[in-house]
Amino acid sequence: TDLLPVVINTWAFTNATQSAWQVLQSGGSVLDAVVAGCGQCEVDQCDGTVGYGGSPDESGETTLDAMIMDGQTLSVGAVSALKRVKNAIGVARAVMDYTTHTLLAGESATQFAIGMGFKEEDLHTNRSINIWKQWKNNHCQPNYRKNVSPNPRKSCGPYKRNKVIQNDRIPSSRDIGRFNHDTIGMVVVDKNRKVVSGTSTNGMNHKVPGRVGDSPIAGAGSYADSDVGGAAATGDGDVMMRLLPSYQAVEFMRNGDSPSLAAAKSIQRIIHHYPNFSGALIAVSKDGQVGAACNGIPAFPYSVINPKLQKVTVVSVKC
Ligand code: SD4
């Protein structure tokens, strides 16, 4: 059909879409396409929320989460809280290809990556250091701890979730109306209906060190099953990993729902328990139909390309 192959990913991360598409066009595999697509965002530091130099944790360090899932074999490779290695999706692929495991975490994931030949690098940048310093200087309470008495002097200032910034910094799209934590989630289906999904993120700003989000968790951050299709998520990962929305969307499609309906029903399931949830889901069926749903933001853009569209197209869904 003219709907396959298809590349779809969260947000207007069109470079990533294009990179994955390029791989398919030059005869690369679906797995290679997802690695190239998510890897592009790691290089581009998409929105500052993927790759190095973003979302420092409370201690100021940037750590990365990523996963890849092969819908043919249902094998998964993932890394969480990966330190000092930039190409998180590449390491996730190596976990899938060279171990019998699914998820490697933290310092040990870094050691695995180095052993596999990935370069050890500093993930700090001036930007990430500034984000962290500003947060520190505002005497912010740790964002993500319960039962901490509120700081009477100041709240968390510019980086508090869903608050418009108060100071004179020029707001970026991520300050207003979005989550302070975007992620690339991607699903690719080739013309043989092979489905692969992947994610890459640096998680949430000022997270408690060691915090892992939904992105490297199969069924939460993404899910792929070549019998059905795939899905990928972005948003509040601490909530999403409790409801496995990517798995849920694939299961809804398995039961006959369109990708749009499947995504909407999965988001509904989350809202039922967490009405203030912010996040979004993309879904694609094995025959190339696509859809998305979101909550907690005005609109959610995703990027998609297939032979019918011919070029990378950003589609925005209302939340
Ligand atoms: C997380 N879900 O770590 C990721 C971040 C993210 O849009 O998506 N954001 O919670």
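Above: the structure in question.
This is a predicted model, so every value here is computed, not measured.

How each quantity is defined
Residues numbered from 1 in each chain as written. Predicted model: local features only at pLDDT ≥ 70, side-chain atom pairs only at ≥ 80, totals over all residues. Buried ≥ 20, exposed ≤ 12 C-beta atoms within 10 Å, placed from the backbone. Helix = DSSP H or I, 4+ residues; strand = E, 2+ residues; numbered from the N terminus. Pairing = 2+ DSSP bridges. Axes fitted to C-alpha atoms, helices over the stretch in contact; angles between N-to-C directions. Contact = placed C-beta atoms within 7 Å.

### Description of the pairing of strand S6 (residues 195–201)
In step 1: Buried residues dominate S6, accounting for seven of its seven residues.
In step 2: A two-sided burial pattern is seen for S6, the buried positions comprising Val-195, Ser-197, Thr-199 and Thr-201 on one face and Val-196, Gly-198 and Ser-200 on the other.
In step 3: The pairing of strand S2 (residues 64–70) with S6 spans six bridges and is classified as antiparallel. Within S6, the residue paired with Asp-70 across the bridge is Val-196.

### Brief notes about the sheet that holds strand S10 (residues 290–295)
In step 1: The sheet built from four strands is open, its strands ordered S7-S8-S9-S10 with antiparallel pairing. If you trace the sheet from one side to the other, it starts and ends with strand S7 (222–225) and S10, each paired once. Across the sheet, the axes of successive neighbouring strands diverge by a mean angle of 10°, strand direction being ignored.
In step 2: Strand direction decides the pairing type here: strand S9 (residues 279–285) and S10, joined by six bridges, are antiparallel. Among the inter-strand pairings, Ala-280 is bridged to a residue of S10, identified as Cys-294.
In step 3: The sheet strands contacting helix H7 (residues 245–254) are S7, strand S8 (229–235) and S9, and the helix crosses S8 at an angle near 145°.
In step 4: Against the sheet, helix H8 (residues 259–273) touches S8, S9 and S10, its axis set at about 20° to S10.

### Quick word on the environment of Gly-229
In step 1: You can see Gly-229 is positioned in strand S8.
In step 2: Residue Gly-229 is classed as buried on the basis of its 30 C-beta neighbours within 10 Å.
In step 3: When the C-alpha atoms of Gly-229 and Arg-193 are compared, they prove to be 8.4 Å apart, with 36 residues separating the residues in sequence.

### Thoughts on the sheet that holds strand S3 (residues 75–82)
In step 1: What the eight strands build is an open sheet, ordered S4-S3-S2-S6-S5-S1-S11-S12; its pairing is mixed. With one partner strand each, in any of the chains shown, strand S4 (103–105) and strand S12 (313–318) form the two edges of the open sheet. Between one strand and the next, the sheet's axes are offset by a mean angle of 15°, whatever the strand orientation.
In step 2: Relative to S12, strand S11 (residues 299–305) runs antiparallel, the two being bridged by six bridges. Considered in S12, the bridge of Ser-303 is made with Val-314.
In step 3: Packing of helix H3 (residues 88–98) onto the sheet brings it into contact with S2, S3, S4 and S6, and relative to S3 it is tilted by some 135°.

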